[in-house]
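Working through the structure, step by step
Chain residues, written in single-letter form:
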Amino acid sequence: MSYQFFESLSNWVEMQKKAKNTFENLYENVKKGDRLDLILATRAAFQHMIRTLKAFDSWLQDPLIISHMPREYLEEVWEVVYRLLIKLLELDIKHTSEFKDYLEKLQKEGKLNPLTSTGLFQQAESTRRAERRGVTLSM
């Protein structure tokens, strides 16, 4: 096994530690920030999670890794991934349901911005049509 392989693993761990530290330091400021701060920080977190998930997925496709990874490591990953997945699904169900209700309320009150709401409803209709055809669109 090459020195470069071990060095790349160490570099990944250090990068993840820095990212964790950055997000921990950002947390309170973002909570006190405005809507744009919340949007930008959440998107940055999503991007980092996506990158990490892709790396985990690649990791679990590498013959060297999967032939040597102890079952206990795999069980730990599965337990955490399962809890994250359930939490994410619960958040998505709650947030989407509540936001739908909120938009309906705004529409009934005539408070939807006409510049943004037309596209919103067209996108929702396109999604419904695609789902009826069996196509999944990501939001």
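Keep in mind it's a predicted model, so treat the numbers as computed, not measured.

**With respect to the environment of R51**
By secondary structure assignment, the location of R51 is in helix α2 (residues 35–59). The contacts of R51, once residues within four sequence positions are left out, are W12 and M15.

**Regarding the packing of aromatic side chains**
Considering all chains together, one arrives at 3 aromatic pairs under this definition. A ring pair is formed by F5 and F6, whose centres lie 5.9 Å apart and whose planes are at 70°; its orientation type is edge-to-face. Given the relative accessible area of 45%, F6 is considered partly exposed. Taking 6.3 Å as the distance between ring centres and 35° as the angle between the ring planes, the aromatic pair formed by F99 and Y102 counts as tilted.

**Section: helix α1 (residues 3–32)**
Across its 30 residues, α1 extends 45 Å between first and last C-alpha, which sits within 8% of the 44 Å expected from 1.5 Å per residue. If you look at α1, its biggest bend is around 35°, right at L26.

**A look at the environment of H48**
In this fold, H48 is placed in helix α2. Here the alpha-carbon distance between H48 and Q16, two residues 32 residues apart in the chain, equals 9.3 Å. Contacts of H48, omitting those with residues within four sequence positions, involve M15, Q16, A19 and F23.

**Some words on the side chain of T52**
Turning to its location among the elements, T52 is positioned in helix α2. Once residues within four sequence positions are removed from consideration, T52 is found in contact with W12 and Q16.

**Some words on the pattern of salt bridges**
By the definition in use, this model includes 8 salt bridges. In this structure, K17 engages E14 in a salt bridge whose closest nitrogen and oxygen atoms are separated by 3.6 Å. Residue K17 and its partner E14 are both found in helix α1; the two are separated by 3 residues, about one turn of the helix. When its relative accessible area of 39% is taken as the criterion, E14 is described as partly exposed. Between E109 and K111 there is a salt bridge, with its nearest N and O atoms 3.4 Å apart. Classification of K111 as exposed rests on a relative accessible area of 57%. Beyond isolated ion pairs, a larger network of salt bridges with shared partners links K100, D101 and E104.

Cut-offs applied
Residues numbered from 1 in each chain as written. Predicted model: local features only at pLDDT ≥ 70, side-chain atom pairs only at ≥ 80, totals over all residues. Heavy atoms only, no water. Helix = DSSP H or I, 4+ residues; strand = E, 2+ residues; numbered from the N terminus. Contact = heavy atoms within 4.5 Å. Phe/Tyr/Trp six-rings, centres within 6.5 Å; stacked < 30°, edge-to-face > 60°. Buried < 20%, exposed > 50% of the residue type's maximum accessible area, 1.4 Å probe, protein only. Expected span 1.5 Å × (residues − 1). Bend = angle between axes of the 7 residues up to and from the residue. Salt bridge = Lys/Arg side-chain N within 4 Å of Asp/Glu carboxyl O.

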